Amino acid sequence: HAETLHVSGSDIYENIDHSRGGGLHNSVNLTVETSNVYGNQAGSGGGGGISSDAGTVEVSQTAVYSNSATGSGGGIVHNVDPSAGPNSFTLSNSTVSDNSTPGAGGGIRNAGAANTTLLNVTLANNEALAPASGRAIAVADGSLSLKNSIITTSQAGSNCSGTISSQGYNIASDSSCSLSGPSDLPNADPRIGALQNNGGDTLTRALLIASPAIDSGSGCPSVDQRGAARPFGPACDRGAYEFDQIIETVYLPFVIRP
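Residues numbered from 1 in each chain as written. Predicted model: local features only at pLDDT ≥ 70, side-chain atom pairs only at ≥ 80, totals over all residues. Heavy atoms only, no water.

(A) Representation of unusual backbone geometry. Between Arg 230 and Pro 231 the backbone carries a cis peptide bond, its omega angle lying at -10°. Within the fold, Pro 231 resides in the segment after strand S25 (204–207). A positive phi angle, near 55°, is found at Glu 14, a position not held by glycine. With respect to the secondary-structure elements, Glu 14 resides in the loop between strand S2 (11–13) and strand S3 (16–17). For Glu 14, a relative accessible area of 61% puts it in the exposed group. In this structure, Asn 120 takes a positive phi of about 55° despite not being glycine. Mapped onto the elements of the fold, Asn 120 is located in strand S16 (residues 115–124). Relative accessible area serves as the criterion here: at 0%, Asn 120 is assigned to the buried category. (Helix = DSSP H or I, 4+ residues; strand = E, 2+ residues; numbered from the N terminus. Buried < 20%, exposed > 50% of the residue type's maximum accessible area, 1.4 Å probe, protein only.)

(B) Spatial organisation of the state of the cysteines. The full count for this structure, using the stated rule, is two disulfides. Two residues, Cys 220 and Cys 236, share a disulfide whose sulfurs are 2.0 Å apart. Across the S-S bond linking Cys 220 and Cys 236, the dihedral sits near 70°, which makes this disulfide right-handed. Placement of Cys 220 in the segment after S25 and of Cys 236 in the segment after S25 is noted, with a sequence separation of 16 residues between them. Cys 236 carries the same exposure label as Cys 220, and that label is buried. Taking only the cysteines that form disulfides and numbering them from first to last, the protein has the pattern 1-2, 3-4. (Disulfide = S-S within 2.5 Å.)

Distances and angles like these do not, on their own, reveal function.
Below, the structure is given as structure tokens:
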């Protein structure tokens, strides 16, 4: 029975690995929850924040931001040799933001026989400098599916490269992710705020008023990245953050004066 490294309520930051996994590298099993992984650097193996090449990885309610790698996968790389056997990398209720690489996959790189699943993830302003390399997500091989997720960048270039399987209810700021699942919204502005402390233990990007992500998700986890209950309103929200503001309106009737 393989052991599992369990990381909870932690800040993993400003570490350097000249190969892969600047913050964390997994070759067995890994669970990360309610943690911030930021400011780490990796070398040619990629995965500035987190890398994995085998086993089962579960990352939830976590922010992976401002990491970098000289190889592909500025934030996360999941690269599994086919001989390594069954594997999975599940990322849920998490934010992947402002990571960078001169290669492919500024936010996430999927390669080899890797199987990756994203649920209610917000990917924003990640950077990959290689042409058509996927600023947010780059899939070389393996499989990557996503649901209820937000993919956006204010930079020039495409959000995604490679084949991505949509399970629906995603929003992307361009058409490069080939979103064709139920209720997907390609070429849409998700209207999200800056990366900051919006409550909880980890940094998030809040949904702004009139975001199309509000009340338009399906099958979300019972809480968001901050631990706030979902849904707030008639349906849960897409992305890692559940919009929980009450918008009050004031009725002002017309007054007709003689």
